Each structure stands twice: as C-alpha cells, then as structure tokens.
Amino acid sequence: MTLENVHLPESNLRELGGYQTTDGQIIKKGLLYRCGHMSELTPEQKDIYRNLKLQTIIDLRRDDEVADRPTPQFAEEINKHISVSDPDNAFAEAAARAHEPDAARIILGEAVRYYTEIITHNIHRYIPVMEYIFNPDNLPLLFHCTAGKDRTGFLAAAILKFLDVPDEVVIEDYLLTNELLQERANERVIVWRERLAAERGISEDDVDPESLQALKTLMLTHRDMIQATFNAVAENYGTWHNLRREALGVSDDQLEVFKSYVLTEK
C-alpha cells in the first residue's frame, strides 16, 4: 500500500481511486475523495481542493463541529450536511478517562465499542449519505468529518467493500491515516504534556506516559477499531452486501449503475 493517491496530508485528503476489486476492475481516480475538516486551509491548499472539480461535499459532522469549523466553498459544489453522530461526542467522553489507570486500553475499548455501534445502533444515520454517494450525478464527490478517520474511515471502508475491494486492502486504506496524521498527533502530545504538567503543578517528565498514549490513541486509527466494524457486519448481516441492501437501502441495481460509473477494466 502506498500514499501515491494522497493530495494533501495536512487535512488527511486522499482518494479511493486506484484500488482493485476482487474481479480485477479498478476504481477510477478523480471521483471519490475523503478527508478531515477544511477550515484551516491556506490559499494554495484551497486550490488543491478547487482542482478536484467537486460536484458534492458531504459533511458527516455534528452541528457544533460544523459551526466551529465551517467548510469553505471552493467553486459551485453542493455542500450537504448529514450528521451521522449521536449528539454527544463519544471520543471527548473517552478522552476524559485518560487519567485513569490503564487508560490506553480503556480508550481503545471505547473506540472499539464506537465502531461496533456504527453497525448495531447508528447505521440508519448513513442512509441519506448513501443516497447521495450512489447517485452518479453527484460525482466527483468528497466526504469528510473532523479528523477524517472514524466516521469518514467507516464510510470509506463501506464504499470499498460494496465495490468488492478485498478486506485487507480496505483495512490498509483505513490505517493510512496514521501515516498522514502521525506528525500532528506527536505535536498534540507535546501540547498535552505541557498542559497536564501546568494543571497538576508537576514537571513535564512526571506526566504519566499512559495518559499521553491514551490521548494519542484517539488521534489515530487502530486495526482493532475497523475490525470491530467488520465483525459486527458479519455477526448482524452476514456480508457487507446484506448490510447494503437491508440496512442502507441500496439495491443491487443501484450498485450496478454506480459501478458502471466508477469502475474500469484493469
């Protein structure tokens, strides 16, 4: 797996194009993109997005996230806000437990639960998202959340699985976020160490490294997280295509039309 399709690591921007399906077809480049929030782009970075010639942007965030970090308008694309989250911030709640003993394990467990509940409790929230994605008139299309790793990561995995990309390739694509956001996560750890030391009146060397590792877990992706989604799909629906039909209402005919636009022979 390479990063050759990455356009802008700073916002975790990359495309789904270039991956091969199990029957040997290739996802066309220039049609499907994923990223994090875009509220802090430089003019040069905005040009990168503008050159994607997007028809549609789907914002998966909560209302408060949209208000805090609004998405810029690049050209004449439609910016559609469809929140796929519960009103509470599950990851903020998990971060509050960073001071507990064995915090890294606890927070990873909370994240695994979140990824499981996408399937068991929140899959209905993605129905209107799929209605946009599987309409070829909306391509080229970009979907995003705040970091571009969890809600966006699940959605990217689902699209790739619906196009019959092999499991391991889908998981590797999900984990590419770590390469893109590693530097930012390291920078955040430095800030957290300074803040925790100041709050507790201790030296930075005395800050519990377990707390810092726990917080870093929230910044990055982990195989156990996306594997929890795969496990929940298998347990509750049997296959990703059953999930598509039964929970998301995307018919086989819709999928075939979509494939005719986004897949090409090798």
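Let me sum up the structure you'll find in this document. It should be emphasised that the depicted structure is a prediction, and the values quoted were computed from it without experimental measurement.

Reading the values: the criteria
Residues numbered from 1 in each chain as written. Predicted model: local features only at pLDDT ≥ 70, side-chain atom pairs only at ≥ 80, totals over all residues. Heavy atoms only, no water. Helix = DSSP H or I, 4+ residues; strand = E, 2+ residues; numbered from the N terminus. Rg over C-alpha atoms; globule rule 2.2 N^0.38 Å. Buried < 20%, exposed > 50% of the residue type's maximum accessible area, 1.4 Å probe, protein only. Contact = heavy atoms within 4.5 Å. Areas by Shrake-Rupley, 256 points an atom, 1.4 Å probe, with all protein chains shown as cover. Lys, Arg positive; Asp, Glu negative; His and termini not counted. Charge placed at Lys NZ, Arg CZ, Asp CG, Glu CD. Core = buried A, V, L, I, M, F, W, Y, C linked by side-chain atoms within 4.5 Å. Pairing = 2+ DSSP bridges. Right-handed = clockwise from strand over helix to strand, strands pointing away.

### So, the overall build of the chain
Per the secondary structure count, the chain includes 11 helices and eight strands. Relative to the globule expectation of 18 Å for 266 residues, the C-alpha radius of gyration of the chain, 19 Å, shows essentially globular dimensions. When each of the 266 residues of the chain is scored for burial, the buried share is 51%. The contacts in the chain between residues at least 6 apart in sequence include a share of 72% that link residues at least 24 apart. Entry remark: accessible area of the chain is about 12300 Å², with carbon and sulfur atoms responsible for 47%. Seen as two clouds, the 29 positive and the 46 negative side-chain charges of the chain have centres 2 Å apart.

### Focus on the nonpolar core
In terms of nonpolar packing, the biggest core is built from 64 residues, with Ile 119, Ile 123, Ile 133, Phe 143, Leu 155, Phe 162 and Leu 243 touching the most fellow members. When residues in this core are grouped by element, the largest group, nine residues, is from helix H4 (residues 103-120). With sequence-adjacent residues up to four places away left out, Leu 155 is seen in contact with Leu 60, Tyr 126, Val 129, Met 130, Ile 133 and Phe 143. Ranked by size, the runner-up nonpolar core spans 11 residues in total, among them Tyr 33, Tyr 49, Leu 54 and Leu 142.

### Describing the environment of Gln 20
Following the sequence through the fold, Gln 20 ends up in the loop between strand E2 (13-15) and strand E3 (25-27). Along the primary structure Gln 20 and Thr 264 are separated by 244 residues, whereas in three dimensions their C-alpha atoms are 9.5 Å apart. Residues within four places of Gln 20 in sequence aside, it is in contact with Gln 25, Ile 26, Val 165, Pro 166 and Lys 266.

### Concerning unusual backbone geometry
Note that the residue after Leu 139, namely Pro 140, is joined by a cis bond; omega there is -5 degrees. Mapped onto the secondary structure, Pro 140 falls in the loop between helix H5 (127-133) and strand E7 (141-144). We note that Lys 53 has phi near 55 degrees; this positive angle belongs to a residue other than glycine. On the secondary structure map, Lys 53 appears in the loop between helix H1 (43-50) and strand E5 (56-59). A residue is classified by how much of its surface remains accessible, and Lys 53, at 62% relative accessible area, is exposed. The phi angle at Asp 164 is positive, at roughly 70 degrees, despite the residue not being glycine. Residue placement: Asp 164 occurs in the loop between helix H6 (151-162) and helix H7 (167-200). By relative accessible area, which is 23% here, Asp 164 ends up partly exposed.

### Observations concerning the pairing of E5
Side chains of E5 alternate between two faces, with Thr 56 and Ile 58 and Ile 57 and Asp 59 buried alike. Relative to strand E6 (residues 78-81), E5 is paired through four bridges, and the arrangement is parallel. Considered in E6, the bridge of Thr 56 is made with Ile 78. Between E5 and its parallel partner E6, the chain crosses via helix H2 (residues 63-68), and the hand of that crossover is right-handed. Relative to E7, E5 runs parallel, the two sharing four bridges. Following the sheet pairing, Thr 56 is matched in E7 by Leu 141.

### Comments concerning the environment of Ala 75
Looking at the secondary structure, you find Ala 75 in the loop between H2 and E6. Each C-alpha atom, one on Ala 75 and one on Arg 50, is 6.6 Å from the other, the two residues being 25 residues apart in sequence.

### Points about the side chain of Ser 11
Take Ser 11: it is sitting in the loop between strand E1 (6-8) and E2. Here Ser 11 is in contact with Cys 35, Gly 36, His 37, Leu 41, Tyr 49 and Arg 184, once residues within four sequence places are set aside.

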